[in-house]
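# Reading the structure
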Amino acid sequence: MEQVEQDLHTSALETIGRRIIAGDYPAGSPLDLDALGRDVQAGRSVIREALRVLGAMGLIKAWPKRGTFVEPRIRWDWLDPSVLRWYCEIHQDFGFFDSIAEMREIFEPGVVRLAVRRRTEAQLAGLRRCLDQMSASDVASDDFVEADVNFHRLILESADNEFLLQYGSATEVGLRAQHVALLAHDRLASADRDAAESLARHRALFEAILHRSPEEAEMSMRRVLEQARDDLWRARHSSNAKSVVRAAPARRGRSG
C-alpha cells in the first residue's frame with residue numbers, strides 16, 4: 001500500500017511539474033486542488049504533497065487565503081535535478097545548453113584544481129575505469145554517456161567539498177541532455193572522430209590528476225569543455241537543427 005501511494009505521488013509530481021515547465025500552466029495561473037486531482041487521477045492528499053515538493057522547487061507558491069499560483073521561471077530552482085531534467089527533456093533549447101556550458105566553464109576548472117590535491121587512490125581508480133568504459137563503448141550508447149557523466153562526477157567528489165556537490169547535479173543533468181541533443185541533430189556522422197578526440201582530452205585530464213599537476217589539470221579541463229562547446233555550436237548550426245525555443249547569440253567555443 002505504501003509503495004502504491006509513493007507511485008501515485010511520483011506520478012502526480014512528474015505530471016504537474018512537467019506541465020508547469022512546458023507552459024501548460026503559465027506563470028501567475030492558479031492551481032486548484034480538485035481540478036488537478038481530476039487531471040492526474042489522484043486524491044487531495046497526493047496532490048497536496050506534490051504541490052509541497054513543487055513549492056520547494058520554486059515552481060509554485062501558496063498564498064494564505066489566496067491560493068496556489070505558478071511562479072515565473074526566474075524563481076525556479078535551476079539547480080534542482082528534477083527541474084533541470086524536465087526542462088531539458090521538454091525543450092530543445094540550445095540557448096539553455098549554452099547557459100549550462102557557461103556555468104561549467106566557470107565552475108569545473110576550479111573544481112579540478114581541488115581534486116588534484118584531494119583525490120584518493122580509490123577515486124583515481126574510478127576515473128581510470130570510466131576512461132576504459134568510454135574507450136570500449138560506442139559514442140551513441142548509454143554506456144559512453146554514463147562513463148562520461150561518472151568521470152565528471154568523480155572529479156567533483158574528489159574535490160571533497162559538500163557545497164560544490166549541489167552544483168554537480170546541474171552539471172550531470174546538463175551533460176546527459178547535451179549528449180541526447182547532439183545525437184538528435186545529425187552529429188553521428190562525425191561521432192567516431194569526436195569520440196576519439198573526447199577520449200584523448202579526458203585521458204590528458206586524468207594524467208594531470210594522476211601526477212597532481214593543478215595547472216595542467218585546469219588547462220586539460222578547459223580543453224574538455226571547449227570540445228563540448230564546439231559540438232554544441234556545430235549541432236546548433238547544422239542544417240538539420242530544429243527550431244530553438246530560446247534564441248541566444250551564437251558563440252563558437254567548446255564544452256565537456
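Note: the structure precedes this text.
What this report covers is the structure whose coordinates are included nearby. (Residues numbered from 1 in each chain as written. Predicted model: local features only at pLDDT ≥ 70, side-chain atom pairs only at ≥ 80, totals over all residues. Heavy atoms only, no water.)

### Notes on the nonpolar core
Here is the rule we go by: We define the nonpolar core as a collection of buried residues of types Ala, Val, Leu, Ile, Met, Phe, Trp, Tyr and Cys that are connected through side-chain atoms lying within 4.5 Å of one another. Classification of residues uses two cut-offs on accessible area relative to the type maximum, computed with a 1.4 Å probe and protein chains only: under 20% is buried, over 50% is exposed, and between them is partly exposed. Counting from the N terminus, the helices are the DSSP runs of H or I reaching at least four residues and the strands are the DSSP runs of E reaching at least two. Should any heavy atoms of two residues lie within 4.5 Å, those residues are considered in contact.
Counting 38 residues, the largest nonpolar core has Ile 16, Ile 20, Leu 31, Ile 47, Leu 51, Leu 54 and Leu 59 as the members making the most contacts within it. For this core, the secondary-structure elements that each account for two or more residues are helix H1 (2-22), helix H2 (33-40), helix H3 (44-56), helix H4 (81-90), helix H5 (94-118), helix H8 (162-184) and helix H10 (214-236). Ranked by residue count, the leading element in this core is H3, at 6 residues. Filtering out sequence-adjacent residues up to four positions away, Leu 54 remains in contact with Leu 13, Ile 16, Gly 17, Ile 20, Leu 59, Ile 60 and Trp 86. One finds Phe 107, Val 139, Ala 147 and Ile 155 within the second-largest nonpolar core, a separate group that totals 30 residues.

### Brief notes about the packing of aromatic side chains
Quick note on the threshold: Any two of the Phe, Tyr and Trp rings considered here, Trp counted by its six-membered ring, make a pair once their centres fall within 6.5 Å; the pair's planes then place it as stacked at under 30 degrees, edge-to-face at over 60, or tilted in between. By definition, being over a ring means that NZ of Lys or CZ of Arg is both within 6 Å of the ring centre and within 35 degrees of the ring normal.
Per the stated rule, a full pass over the model turns up 5 aromatic pairs. Geometrically, the ring pair formed by Trp 76 and Trp 78 is tilted, given 5.5 Å between the ring centres and 45° between the ring planes. Each ring, one from Phe 94 and one from Phe 97, has its centre 5.6 Å from the other, and the planes form 90°; the classification is edge-to-face. A residue pair is termed a helical-turn pair when its members lie 3 or 4 positions apart in one helix, as Phe 94 and Phe 97 do in helix H5 at 3 residues. Assigned by exposure class, Phe 94 and Phe 97 land together as buried. Grouping aromatic residues by their ring pairs yields a cluster made of Trp 76, Trp 78, Tyr 87 and Phe 96. Above the plane of the ring of Trp 63 lies Lys 61, whose end atom (NZ or CZ) is 5.0 Å from the centre. Between the NZ or CZ atom of Arg 66 and the centre of the ring of Trp 63, over which it lies, the distance is 5.2 Å.

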